[in-house]
Amino acid sequence: MNKLYIEGNKNLNGNVRISGSKNAALPILFMTILTEEKIKISNIPQLTDITIAIELLKSLGAKIKYRKKLLCIDTSSIKNFSPPYDLTKKIRASIWMLAPLLIRFGQAKISLPGGCKIGSRPIDLHIKGLIQLGAKIVLEKNYISASIRKPLVGKHIYIKKISVGATITIMSAAALAQGTTIIENAAQEPEIIDIAKFLNTLGANIIGAGSNKIFIKGVIKLTGGKHQIIPDRIETGTFLIAAAVSQGYITCCHTEPKNLKKVLIKLSESGAKIKTGKDWIQLDMRGKKPKSINVSTSPYPGIPTDMQPQFTLLNSISQSKGVITENIFENRFIYVSELIKMGAQIKIKNNSIICKGVTNLYSQNVFSNDLRGSATLVLAGCIARGITIVNNIYHFKRGYELFSEKLNKLGANIKYI
Ligand code: EPZ
């Protein structure tokens, strides 16, 4: 069943429990390769990308038990440093096996990663960082072959473009390098902080994660340990927008308000009443149409690119005209044509989406193409007039745990067909 049948015209109200962060859990899972001791990770979301990551680790020889969000992993029996092509190709996150396998075995061979088709998604910054630390890298056809003849040596590395992925790759390699590595122009996302916290739990010596300058003092080896994954800030933002576009009233529980500061400011600008507590965010948009807002995506602490489609939906049914500019990925507008099919009035100009708000969207047979775009189409179906069919829903199942079930608890009426 790869389609959703969505009854529209719904207000979404109630409480929703936010799951663990996909973009923290995926790199952390692959970092377990760096140690031969047992590790326990809690709050791991049940997602297809996580399932693929577990399959990849098992294909290398890891022993994994995963039940009710708790994952126990023992990588001591890993023997293989070249994961299967067909699985590696499925997710972008598989690039984060490269550095740990290289450190563990002195060599690694992985295929170029997959992931959402939202741009070319090069890996040059990952490769440059590893070469600066002393790795030999050969790119041939669809594979990256890496090798080291002696332990990596810490360096002062300036990443020329802010990259979450490259920051993570370099941090994981530097954790067991000789000497100190400084990463300048590092990504500052909350997931980077969570990964550094995880590695430090295993005995690494990383300070400055969350700032644009990270100091990593290499250690000889890492031990085992326990870690709880941070809440998913993008899932949180997606549910807040679900309430904002449906004139609803929602409380997101088990989340982290401080990781969504700029998103909450923009939602308040659109007329939502926002309240926050230690681990919850409440949004009240009852009886109100959102005001249009202008948004420009940027690396954290800016507005996340992963919230760009959701803000476009908000502007599509707002009171006037709003502009959303995408500055991170060069091809993240595929979902827009599907929203236009539903009656949205949107023009694309270079890397900006200009929306003229309409009173209603209308049901349609729409096609998902990437993770955040497909979640946005599901929300559009919940508020459109009539019955909307969303196809290729495997996209959103990659990154949202029990998405339609959580929406149905808020008053949606969504069925798999
Ligand atoms: C991570 O992707 C996330 N994915 C993305 O979330 C997120 O949108 C992105 O970070 C930005 O925040 C995961 O964590 C699995 P980048 P990543 O390296 O690491 C360019 C989602 O929906 N770049 O920060 O691939 C790149 O093309 C996904 O959950 C290079 O040029 O993103 C992009 O323009 C989508 N060379 C920019 O940098 C490189 O070597 C930022 O990419 C690497 C990246």
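Source: prediction; values computed, not measured.

What counts and what doesn't
- Residues numbered from 1 in each chain as written.
- Predicted model: local features only at pLDDT ≥ 70, side-chain atom pairs only at ≥ 80, totals over all residues.
- Heavy atoms only, no water.
- Disulfide = S-S within 2.5 Å.
- Helix = DSSP H or I, 4+ residues; strand = E, 2+ residues; numbered from the N terminus.
- Buried < 20%, exposed > 50% of the residue type's maximum accessible area, 1.4 Å probe, protein only.
- UniProt positions renumbered as here; feature names shortened; annotations may be inferred.
- Contact = heavy atoms within 4.5 Å.
- Phe/Tyr/Trp six-rings, centres within 6.5 Å; stacked < 30°, edge-to-face > 60°.
- Pairing = 2+ DSSP bridges.
- Axes fitted to C-alpha atoms, helices over the stretch in contact; angles between N-to-C directions.
- Near = heavy atom within 4 Å.
- Polar contact = N/O pair within 3.5 Å; in protein donor to acceptor, adjacent residues only side chain to side chain.
- Areas by Shrake-Rupley, 256 points an atom, 1.4 Å probe, with all protein chains shown as cover.
- Nonpolar A, V, L, I, M, F, W, Y, C, P; charged D, E, K, R; others polar.
- Parallel < 35°, antiparallel > 145°, perpendicular 65-115°, else oblique.
- Left-handed = near helix turned anticlockwise from the far one by under 90°.

Draft legend 1. View of the state of the cysteines. According to the stated counting rule, one finds zero disulfides in the structure shown. As a non-bridged cysteine, C252 has C253 as the owner of its nearest cysteine sulfur, 7.3 Å distant.

Draft legend 2. Here's a closer look at the environment of K197. The residue K197 is located in helix α7 (residues 190-201) in this model. Judged by relative accessible area, which is 52%, K197 ranks as exposed. Sequence separation between K197 and I207 is 10 residues, and the spatial gap between their C-alpha atoms is 9.3 Å.

Draft legend 3. Layout of the UniProt feature "active site" (unreviewed entry) in the chain. Here, the residues flagged by UniProt with the feature "active site" (unreviewed entry) are C116. Tracing the sequence through the fold places C116 in the loop between β6 (107-111) and α5 (124-132). Beyond its immediate stretch of four places on either side in the chain, C116 contacts R121, D370, L371 and R398.

Draft legend 4. The arrangement of the packing of aromatic side chains in detail. Going through the model one piece at a time under the given rule, you end up with five aromatic pairs. Taking 5.9 Å as the distance between ring centres and 45° as the angle between the ring planes, the aromatic pair formed by Y85 and Y143 counts as tilted. One end of the pair, Y85, is in helix α3 (residues 85-88); the other, Y143, is in strand β8 (residues 143-147), with 58 residues separating them in the sequence. According to the relative accessible area criterion, Y143 is partly exposed, its value standing at 24%.

Draft legend 5. Region of interest: the sheet that holds strand β18 (residues 321-325). Ordered by their spatial adjacency, four strands build an open sheet running β17-β18-β20-β19, and the pairing between neighbours is mixed. Looking at the sheet topology across the chains shown, the edges are occupied by β17 (295-296) and β19 (345-349). Where β19 meets strand β20 (residues 352-356), five bridges bridge the pair, whose relative direction is antiparallel. Looking at β20, one finds that I348 is bridged to I353. Lying over the sheet, helix α11 (residues 334-341) contacts β19 and β20, oriented at roughly 155° with respect to β19.

Draft legend 6. Representation of the site of the ligand within the structure. Around the ligand there are 24 residues in total, and D124, L125, S163, D306 and I328 lie nearest to it. At 3.4 Å from an oxygen atom of the ligand is found a side-chain nitrogen or oxygen belonging to K161. Measuring from an oxygen atom of the ligand, one finds a backbone N or O atom of V164 at 2.8 Å. Burial of the ligand by the surrounding chains reaches 93%, relative to a free accessible area of 820 Å². Sorting the residues of the shell around the ligand by element identifies α1 (22-31), α5, α6 (164-174) and α12 (371-383) as the ones contributing at least two each. For the shell around the ligand, the residue count by class is 10 nonpolar, five polar and nine charged.

Draft legend 7. The arrangement of the packing of α5 against α6 in detail. Two elements in contact, α5 and α6, have axes separated by 8 Å at closest approach and are oriented at 25°. Between α5 and α6, the interaxial angle falls into the category roughly parallel. Seen from above, α5 lies across α6 with right-handed handedness. Note on element contacts: α6 touches α5 through G165, A166, T169, I170 and A173, opposite L125, H126, G129 and L130. Residue composition of the contact of α5 with α6, by class: five nonpolar, four polar and no charged.

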